[in-house]
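# Residue-level structure breakdown
Okay, here's what each chain looks like letter by letter:
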Amino acid sequence: MKLNDLLSILDEWAPLAYAEDFDNVGLLVGNPEQDITGILVCHDALEKVVDEAIQKKCNLIVCFHPILFSGLKKITGKTYVERVVLKAIQNHIAIYALHTALDNHPEGVNQIICDQLGLINTKILVPKEKFIRKLVTFTIPENHHHLRNALFEAGAGNIGNYDLCSFNSIGTGSYRGNEKSNPEIGERFEFVENKEIKIEVTFEKHLESKILNALFKNHVYEEVAYEIYELQNQNQNLGLGKIGEFDQPLSENEFLQLVKTQMKCESIRHSAFLNRPIKKVAVLGGSGSFAISQAKKLGADAFLTADLKYHQFYEAENQLLLADIGHYESERYTKNYIVDFLIKKIPNFAIILSEQNTNPVKYF
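What counts and what doesn't
- Residues numbered from 1 in each chain as written.
- Predicted model: local features only at pLDDT ≥ 70, side-chain atom pairs only at ≥ 80, totals over all residues.
- Heavy atoms only, no water.
- Helix = DSSP H or I, 4+ residues; strand = E, 2+ residues; numbered from the N terminus.
- Buried < 20%, exposed > 50% of the residue type's maximum accessible area, 1.4 Å probe, protein only.
- Contact = heavy atoms within 4.5 Å.
- Areas by Shrake-Rupley, 256 points an atom, 1.4 Å probe, with all protein chains shown as cover.
- Pairing = 2+ DSSP bridges.
- Axes fitted to C-alpha atoms, helices over the stretch in contact; angles between N-to-C directions.
- Phe/Tyr/Trp six-rings, centres within 6.5 Å; stacked < 30°, edge-to-face > 60°.
- Disulfide = S-S within 2.5 Å.
- Core = buried A, V, L, I, M, F, W, Y, C linked by side-chain atoms within 4.5 Å.

## Here's the deal with the overall build of the chain
A tally of helices and strands in the chain yields 11 helices and 15 strands. With respect to the three principal axes, the spread of C-alpha positions in the chain is 85 × 55 × 40 Å. The buried share of the chain, reckoned over its 364 residues, is 49%. In the chain, once contacts between residues fewer than 6 apart in sequence are set aside, the share between residues at least 24 apart is 72%. Only carbon and sulfur atoms are counted for the fraction: they give 49% of the accessible area of the chain, which is about 18900 Å².

## What about the sheet that holds strand E4 (residues 94–97)?
Here we have five strands laid out as an open sheet, ordered E1-E4-E3-E2-E15, and mixed in their pairing. This sheet does not close on itself; its edge strands, each paired only once, are strand E1 (26–29) and strand E15 (351–353). Each neighbouring strand pair of the sheet contributes to a mean axis angle of 30°, computed without reference to strand direction. Those strands touched by helix H1 (residues 3–13) are E1, strand E2 (39–44), strand E3 (60–65) and E4, and its axis lies near 10° from that of E4.

## Thoughts on the packing of aromatic side chains
On inspection of all chains with the given rule, the structure shows eight aromatic pairs. Of the aromatic side chains, those joined through ring pairs into one cluster are Trp 13, Tyr 337 and Phe 341.

## Concerning the sheet that holds strand E7 (residues 167–176)
Paired through backbone hydrogen bonds, the strands of a sheet run either parallel or antiparallel to each other. Spatial strand order, E7-E8-E6-E9: four strands in an open sheet with antiparallel pairing. With partners counted over all chains shown, the strands left at the sheet margins are E7 and strand E9 (226–230), one partner each. For this sheet, the mean angle separating the axes of adjacent strands, direction not counted, is 25°. Pairing geometry for E7 and strand E8 (residues 191–204), over 10 bridges, is antiparallel. In the strand pairing of E8, Phe 167 is matched with Glu 200. Running at roughly 15° to E8, helix H6 (residues 141–153) makes contact with strand E6 (132–139), E7 and E8 of the sheet.

## Let's talk about the state of the cysteines
Evaluation of the coordinates by the stated rule reveals zero disulfides. For the unlinked cysteine Cys 265, the closest cysteine sulfur is that of Cys 114, found at 15 Å.

## Observations regarding the nonpolar core
Across soluble globular proteins, nonpolar side chains show a tendency to be buried alongside one another. Judged by nonpolar contacts, the single largest core of 30 residues is most densely connected at Ile 39, Leu 60 and Leu 342. Elements that contribute at least two residues to this core include exactly H1, E2, E3, E4, helix H4 (100–103) and helix H11 (334–345). The element best represented in this core is H1, accounting for six residues. With residues near it in sequence (within four places) discarded, Leu 342 still touches Leu 6, Leu 10, Ile 39, Val 41, Pro 347 and Ile 351. By size, the runner-up hydrophobic cluster in this structure holds 21 residues, among which are Cys 114, Val 259, Val 281 and Leu 304.

Structure representation (structure tokens):
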């Protein structure tokens, strides 16, 4: 299998467009045309992981965190990042990172946490903004259903828990073609007024080229009239974090013990107990302090995340319980999720879960 083939599979599953603007996701090292002999999946692509890939004859590492986050001016092996890149290149090993493409994924990092804790009725905590666009186009009634269905098949018309969504209105269109025109209805130089149907559909912005290809391929007009708008609507199915609830409320002690057991934490830093039951819980894997206010706004009894600073614990303000379980711990099952997906997608290929624990934080 060519690396390019796998890149298409990964991008269809967790589109790189899902990632945050600050992130560095996708193919970080490697030639897209190289043949893939095996895939090693890990959390962090450290030097010992590259050594493991060499030993296990895997020439692609799919990692969660990107080893390359900011630009490199030199690759001399002086830093741990340079050593990874140098060794990967020397051994023809490609590196692909998913990171916030999986953080924002509806079934990704944060749904994994919810599943581990047994939370139900989950929703996105911080919905992704400026990710929805609207296509407006016009066609004749005879072409209407064919064109609209082609747009649906390309991914348009999905809104929350609904698909095949569109708005259609009837009006009158007019045109006149010049000497180079070849009109579908009427003749050159003829002023034509014709019944038309206006089609409006929304789509996720990374699908724009696919949507336009479907539009041009299935429209009957020689010159296709269309408009695309960026919408302010939040995408309720994409975004950072999740919020859900327990079937039955837990005490604060029971909640923290459940978290400690299910997320395999050695310790949990938390804000003061409020002596009230925990029913509604917000989660955000990795550094999630920016979402404390959103968790409070949505009425969470507890917010599970990582990397909270001293003063950020004050932001609980006697409204919820803050629980910092550690960055690695909050994302620890992500690599298993990646492996499970790849095994289902390409079952007859060598896909190996890394044995390396890459958590840089140790507990005494």
